[in-house]
Amino acid sequence: MDGHPNRVLGFLAALRALGRQLYRSIFRGSYPASLRQQLAVVVNNLILHVHPTRVFRRSLSPQTTFGLGLICFYLFIIEWVTGVYLMFYYEPSTGAAYGRILDLDYVITFGRLMRNLHRWAAEAMVVAVALHMCRVFYTGAYKPPREFNWILGVVLLLLTLALSFTGYLLPWDQLSFWAVTVGTNIVSYAPVLGPKLRFVLLGGDSVGSDALLRFYTLHVLAVPALAALIINYHIWRVVKDGGLAHPLQRHPGGEEKTAPAPRTDPVIPTFPLVVYAELLVFVVLMAGLVAASLLFDAPLEEEANPLRPSNPSKAPWYFLGLQELVSYSAFWGGVMVPTVLTLFLLFLPYFDRKAGGEGVWFARERMGMIIVWTVILAGIVVTTVIGVFLRGPNWSFYWPWQGWPGPQ
Ligand code: HEM
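Keep in mind that this is a model prediction, so the values were computed, not measured.

Asks: Residue-level account of the overall build of the chain, with values.
Replies: Along the backbone of the chain there are 14 helices and four strands. Along the three orthogonal principal directions, the C-alpha set of the chain runs to about 80 × 80 × 40 Å. Of all 408 residues assigned to the chain, the portion counted as buried reaches 42%. Taking all contacts inside the chain whose residues are at least 6 apart in sequence as the whole, residues at least 24 apart take part in 73%. Element-wise, carbon and sulfur atoms account for 69% of the exposed surface of the chain, whose accessible area totals about 22,900 Å². The average position of the 31 basic charges and that of the 23 acidic charges among the side chains of the chain differ by 12 Å.

Encoded structure:
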């Protein structure tokens, strides 16, 4: 009996030693208290090493970036994880796809939650990427040396739309079938290559089993792999381009330097505050998404019926601005506007060469470009809102207070 307490204490001590050994084997050392240790955390950690070891303190203020780039990244990871769960059950064939989605919604443990999370995170990602792009534009963060990173960003925007659009078809319900039919028709309006591109995308002349298999392969493999590669490159470039864009300072010699005087904008180690702030953004984002997924279900209509078009047949909401333009002119909506917009976005940093205003929201010296951007943005928002809310059967116009005439 005498030896009993000693044995218990010995067991606890062994347990603590094991815990310490485990902690050290993962984190290599005790909790980092000194500046030197804090810098080492970032350098020695596989995930954290994409950060600079120190950042300007203004990087921590919410209004510097609103965490939007980070949110895009998190949403991509959430899509990945929930997508793998859905892949365990989904089958990309016209005979089985819809039934598998019903199983996910009604039979499989956490199936509905995972499907809802996947759907709402995808919608949120389109919105977050667009907002992140606007943040970068309005703070002039695409100016040298960040021009190329802006181009990577434009590619990521296109890939995000591609991810969302290819996923749209997979439930194989009336909504997805007709949305993809309309969306791919818009593609075919492009001169010379348009019809061929549509044929390659669908594996035929209409949306059918080949189209489903192609969209599935693009959605679960080709586009995410490319996006993952470019996201890595994009985030690495943020650090290589000198961290987040920050305001130019006029130094006593009169020449402009990109480094602000330390007194006005001090530098802090990335660990712990920036890392903790990033974790907080994740927790809040995840809580919001889970809440949305518990409250609202991802849409699912009846099974796709190629012989019974839904009326109106609407493209996914982020293409409804284009569909609205196509309803006036296929050439303008399907060809000119998307081409000019994409070229405008791609080459923006190369024709807007006037220096000044980097890292400052709505800088006065950039007012010309800011107005141009805002007018384009307003055009996109207005046409999208018309397409989403004010178009009924036969694409006829109606006011919301007259009541939704309902699909026919
Ligand atoms: C999947 C999509 C994207 C991801 C995951 C992503 C991620 C990020 C992250 C984490 C940052 C640093 C922090 C921040 O600014 O919030 C960043 C910065 C940046 N992003 Fe993105 N981004 C994406 C799309 C875009 C798009 C569409 C554009 C523009 C067309 C863009 C252009 C830039 C630029 C130029 C910077 C540097 C900003 C600065 O120095 O202040 N990104 N991005």
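Asks: Please set out the coordination of the iron atom of the ligand residue by residue, giving values where relevant.
Replies: Protein-derived ligands of the iron atom of the ligand are H132 (NE2) and H234 (NE2), with the metal-ligand distances lying across 2.0 to 2.1 Å. Each of the six donor atoms around the iron atom of the ligand contributes to a set of angles spanning 87 to 179°, which defines the coordination as octahedral. Taken as a pair, H132 in helix 6 (residues 111-138) and H234 in helix 10 (residues 209-240) lie far apart in primary sequence, 102 residues in all. Judged on exposure class, the residue H132 and its partner H234 are both buried.

Asks: Please give an account of the environment of W404 that cites residues and values.
Replies: Along the chain, W404 falls in the segment after helix 14 (367-389). According to the relative accessible area criterion, W404 is partly exposed, its value standing at 44%. Considering only alpha carbons, one finds W404 and L390, 14 residues apart in sequence, at a separation of 8.7 Å. Other than its neighbours up to four places away in sequence, W404 contacts P312, R391, G392 and Y398.

Asks: Would you mind going over a nonpolar patch on the surface in detail, with residue names and values included?
Replies: Nonpolar side chains collect at one region of the surface, where L22, Y23, I26, F27, Y31, Y276 and L279 lie side by side and expose about 750 Å² of accessible area between them. Elements represented by at least two residues in the nonpolar patch include exactly helix 1 (3-27) and helix 11 (273-295). Per-element tally for the nonpolar patch: the top contributor is helix 1, with four residues.

Asks: Talk me through the site of the ligand; I want residue IDs and the actual numbers.
Replies: Residues in contact with the ligand amount to 25 residues; listed here are only the nearest, G69, H132, R135, H234 and A245. For the shell around the ligand, the elements supplying multiple residues, two or more each, are helix 4 (68-87), helix 6, helix 7 (147-168) and helix 10. Examining the composition of the shell around the ligand, we find that six residues originate from one element, helix 6, more than from any other. Taken together, the residues that form the shell around the ligand break down as 17 nonpolar, six polar and two charged.

Asks: Give a detailed account of the pattern of salt bridges, specifying residues and quantitative values.
Replies: Applying the stated rule across the entire model yields eight salt bridges. With a shortest N-O distance of 2.5 Å, E302 and R308 are connected by a salt bridge. Residue E324 pairs with R391 through a salt bridge whose shortest N-O separation is 2.7 Å. Here R391 lies in the segment after helix 14 and E324 lies in helix 12 (residues 320-328), a separation of 67 residues in the sequence.

Asks: Describe the packing of helix 6 against helix 11, listing the residues and the values that go with them.
Replies: Two elements in contact, helix 6 and helix 11, have axes separated by 9 Å at closest approach and are oriented at 120°. Between helix 6 and helix 11, the interaxial angle falls into the category oblique. Relative to helix 11, helix 6 is oriented so that their crossing is right-handed. Along its contact with helix 6, which presents L113, N116, L117, W120 and A121, the element helix 11 presents M286, L289, V290, A292, S293 and L294. Broken down by class, the residue content of the contact of helix 6 with helix 11 amounts to nine nonpolar, two polar and no charged.

Asks: Tell me about the side chain of H51, and please be specific about residues and values.
Replies: With respect to the helices and strands, H51 occurs in the loop between helix 2 (35-44) and strand 1 (54-56). Not counting residues within four places of it along the chain, the set of residues in contact with H51 comprises V42, V239, T270 and E278.

Asks: Give me the lowdown on the nonpolar core, citing residues and values where you can.
Replies: In this structure, L75, F137, W150, L345, L348 and W373 are the most contacted members of the largest nonpolar core, which totals 39 residues. At 10 residues, helix 6 tops the list of elements feeding residues into this core. Leaving out residues up to four positions away in the same chain, L75 has contacts with A121, A124, M125, A128, L285 and L289. Ranked by size, the runner-up nonpolar core spans 32 residues in total, among them Y168, A179, L202 and W395.

Definitions and limits used
- Residues numbered from 1 in each chain as written.
- Predicted model: local features only at pLDDT ≥ 70, side-chain atom pairs only at ≥ 80, totals over all residues.
- Heavy atoms only, no water.
- Helix = DSSP H or I, 4+ residues; strand = E, 2+ residues; numbered from the N terminus.
- Buried < 20%, exposed > 50% of the residue type's maximum accessible area, 1.4 Å probe, protein only.
- Contact = heavy atoms within 4.5 Å.
- Areas by Shrake-Rupley, 256 points an atom, 1.4 Å probe, with all protein chains shown as cover.
- Lys, Arg positive; Asp, Glu negative; His and termini not counted.
- Charge placed at Lys NZ, Arg CZ, Asp CG, Glu CD.
- Donors = N, O, S within 2.8 Å, 3.2 Å for Na, K, Ca; no water.
- Tetrahedral: all angles 85-135°; square planar, octahedral: opposite > 155°, others 65-115°.
- Patch = residues over 30% accessible without salt bridge, like charges linked within 9 Å, V, L, I, M, F, W, Y side chains within 5 Å.
- Salt bridge = Lys/Arg side-chain N within 4 Å of Asp/Glu carboxyl O.
- Near = heavy atom within 4 Å.
- Nonpolar A, V, L, I, M, F, W, Y, C, P; charged D, E, K, R; others polar.
- Axes fitted to C-alpha atoms, helices over the stretch in contact; angles between N-to-C directions.
- Parallel < 35°, antiparallel > 145°, perpendicular 65-115°, else oblique.
- Left-handed = near helix turned anticlockwise from the far one by under 90°.
- Core = buried A, V, L, I, M, F, W, Y, C linked by side-chain atoms within 4.5 Å.

Interpretation note: all reported values are geometric properties and have no functional meaning in isolation.
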